[in-house]
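Chains, contacts and geometry: an overview
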Amino acid sequence: MCLCALDTNLLWTKNVCRNEAFVLTDGEMKSNRFQKNFWRILFGVNLILIAAGFSVGYGKKDYSANQKENSYLIGASYMTMNNEFYAIMSEEISARVEAEGDKMVMRDPALDGERQVEQIHEMLDMGIDVLVVTPVEQENLTSVLERAKAEGVLVVVVDTNIQEENLADCTITSDNYEAGKVVGEYFLQQNNEAKLIIMTHETTKSGQDRVKGFLDVVGNHEGIEIVKKIECEGQLEIAMPMLQEAIEEGVDFDSVFCLNDLASVGVVAALENNGKLDGVQVYGVDASPDSKALIKEGMMKASAAQFPSELGREAADEIYKLLAGESVEKNTLVRVELITSENVEAFGTDRWQ
């Protein structure tokens, strides 16, 4: 079982409980069908995910007996494990590593770029053969990755690019620009005029590309006004109070585009708490179980689906091709797909796709 996935759901449940108490004690809150359904939907989805986590954990095969003599050591540093997306991606990679009889060590920088650099140095000191990395800050890793290359360590970048791409043996990401683009095209089908807030994560290439793809489609369209950009680091616990602040400042908006669906859920929660969800459309990227449940209930409009299992499997395949001395594609883009109320049932709301 990936404990990080369970911890993420428990953290979200804790956040929900805190915010639900606010809803129940705020006498000025308007009661509507969204307020009645929002927390019920999110509790239900996350209880299912927690149960699935226990099932996977206790049923997981023990590969330790397969570890071979002279096994490889793979080190992994993802952006944060406070996101089930990375837990699923990591599970795919670690399962392959264990099945091959090799060993894996993982560190969680928790969105701290300096900590990520320190942790990668520690793993290099341990003698890792391969580094799998999702950069917290794309420009922050140059020095430590130069060390890795000098020591003959293979570097596999996943989910978002590094600044000096020549330091990566290969990079596997979702087609992040396309994700923003398909959401933008759907947005224009729904709106001739709009006042938009954009939730961003400016230190990551994936976040930049998604916002760019969206704005390249809608930004110059007559009648579409970008009224505010908000840096939220792609985190629910930042997006929610930051949008609350914008509401209190009196920002006039009727639509929000979020770089990911942790931000989307935080935005929906803030709108819910202020009785504004009826009048604001929310769009995102990820198609997490939470956001798909909200799309199904009409509380979000759309999200571009990522496929973390495919990213993890692709990364694992590239790792073992590189270790075997085979050539690999320098850059691999994994598909994205638009999810709306029209097709959300086909993807399911109780799991990642």
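The following refers to the structure shown. (Residues numbered from 1 in each chain as written. Predicted model: local features only at pLDDT ≥ 70, side-chain atom pairs only at ≥ 80, totals over all residues. Heavy atoms only, no water.)

1. Regarding the sheet that holds strand β2 (residues 103-107)
In spatial order, the strands read β2-β1-β3-β4-β5-β11; together these six strands make up an open sheet with parallel pairing. Unpaired on one side and paired on the other, β2 and β11 (331-334) mark the two borders of the sheet. Adjacent strand axes in the sheet meet at a mean angle of 15 degrees, parallel and antiparallel pairs treated alike. Where strand β1 (residues 73-77) lies against β2, five bridges are found, and the strand directions are parallel. By the bridge assignment for β2, Leu73 is matched with Lys103. (Pairing = 2+ DSSP bridges. Helix = DSSP H or I, 4+ residues; strand = E, 2+ residues; numbered from the N terminus. Axes fitted to C-alpha atoms, helices over the stretch in contact; angles between N-to-C directions.)

2. As for the packing of aromatic side chains
Using the criterion set out here, one finds seven aromatic pairs in the structure. Ring centres of Phe85 and Tyr86 lie 5.3 Å apart, and the angle between their planes is 90 degrees; this geometry places the pair in the edge-to-face category. What makes Phe85 buried here is its relative accessible area of 2%. Under the relative-accessibility criterion, Tyr86 is labelled buried at 5%. Taken together, a centroid distance of 5.7 Å and an interplanar angle of 70 degrees make the contact between Phe187 and Phe214 edge-to-face. Taken together, the positions of Phe187 in helix α6 (residues 176-190) and Phe214 in helix α7 (residues 205-218) put the pair 27 residues apart, joining distant regions of the chain. On the accessibility criterion, Phe187 (0% relative accessible area) is buried. Judged by its relative accessible area of 0%, Phe214 falls in the buried class. Among the aromatic residues, those joined into a cluster by ring pairs are Tyr186, Phe187, Phe214, Phe257 and Tyr283. Positioned above the aromatic ring of Phe307 is the side chain of Arg335, whose terminal nitrogen or guanidinium carbon lies 3.8 Å from the ring centre. (Phe/Tyr/Trp six-rings, centres within 6.5 Å; stacked < 30°, edge-to-face > 60°. Buried < 20%, exposed > 50% of the residue type's maximum accessible area, 1.4 Å probe, protein only. Lys NZ or Arg CZ within 6 Å of the ring centre and 35° of its normal.)

3. Let's talk about α7
Counted at 1.5 Å a residue, the expected span for α7 with its 14 residues is 20 Å, and the 20 Å between its end C-alpha atoms agrees. Burial in α7 covers these residues: Ser206, Gly207, Asp209, Arg210, Val211, Gly213, Phe214, Leu215 and Val218. Elements that come into contact with the buried residues of α7 comprise α6, β6 (194-200), β7 (224-231), β8 (255-258) and β9 (281-286). (Expected span 1.5 Å × (residues − 1). Contact = heavy atoms within 4.5 Å.)

4. Some words on the side chain of Asp209
Its place among the elements puts Asp209 in helix α7. The buried category is assigned to Asp209, whose relative accessible area is 17%. Once you skip the residues sitting within four places of it in the chain, Asp209 turns out to touch Asn176 and Tyr177.

5. Some points on the packing of helix α9 (residues 261-273) against helix α10 (residues 289-296)
Running from amino to carboxyl end, α9 crosses α10 at an angle of 45 degrees, the nearest separation of the two axes being 9 Å. For the element pair α9 / α10, the angle class is oblique. α10 is crossed by α9, and the crossing has left-handed handedness. Contacts between α9 and α10 involve Asp261, Val265 and Val268 on the former and, on the latter, Asp290, Ser291 and Leu294. For the contact of α9 with α10, a count of residues per class yields three nonpolar, one polar and two charged. (Parallel < 35°, antiparallel > 145°, perpendicular 65-115°, else oblique. Left-handed = near helix turned anticlockwise from the far one by under 90°. Nonpolar A, V, L, I, M, F, W, Y, C, P; charged D, E, K, R; others polar.)

6. Observations concerning the sheet that holds β9
Reading across the sheet, the six strands line up as β7-β6-β8-β9-β10-β12 and stay open at both edges, with mixed pairing between neighbours. In this open sheet, the two strands that pair with only one neighbour each are β7 and β12 (337-340). Strand-to-strand twist of the sheet, defined as the mean angle between neighbouring strand axes without regard to direction, takes the value 20 degrees. Here β9 pairs with strand β10 (residues 302-305) via four bridges, running parallel. Within β10, the position partnered with Asp286 by the bridge is Ala305. With respect to the sheet, α9 is in contact with β6, β8, β9 and β10, its orientation differing from that of β9 by roughly 160 degrees.

7. Observations regarding unusual backbone geometry
Phi angles above zero are rare outside glycine, and Leu111 is one such case at about 65 degrees. Summarising the element assignment, Leu111 is placed in the loop between β2 and α4 (113-126). Positive phi is not limited to glycine here, since Glu233 has a value of about 60 degrees. Structurally, Glu233 is set in the loop between β7 and α8 (236-249). By relative accessible area, which is 33% here, Glu233 ends up partly exposed.

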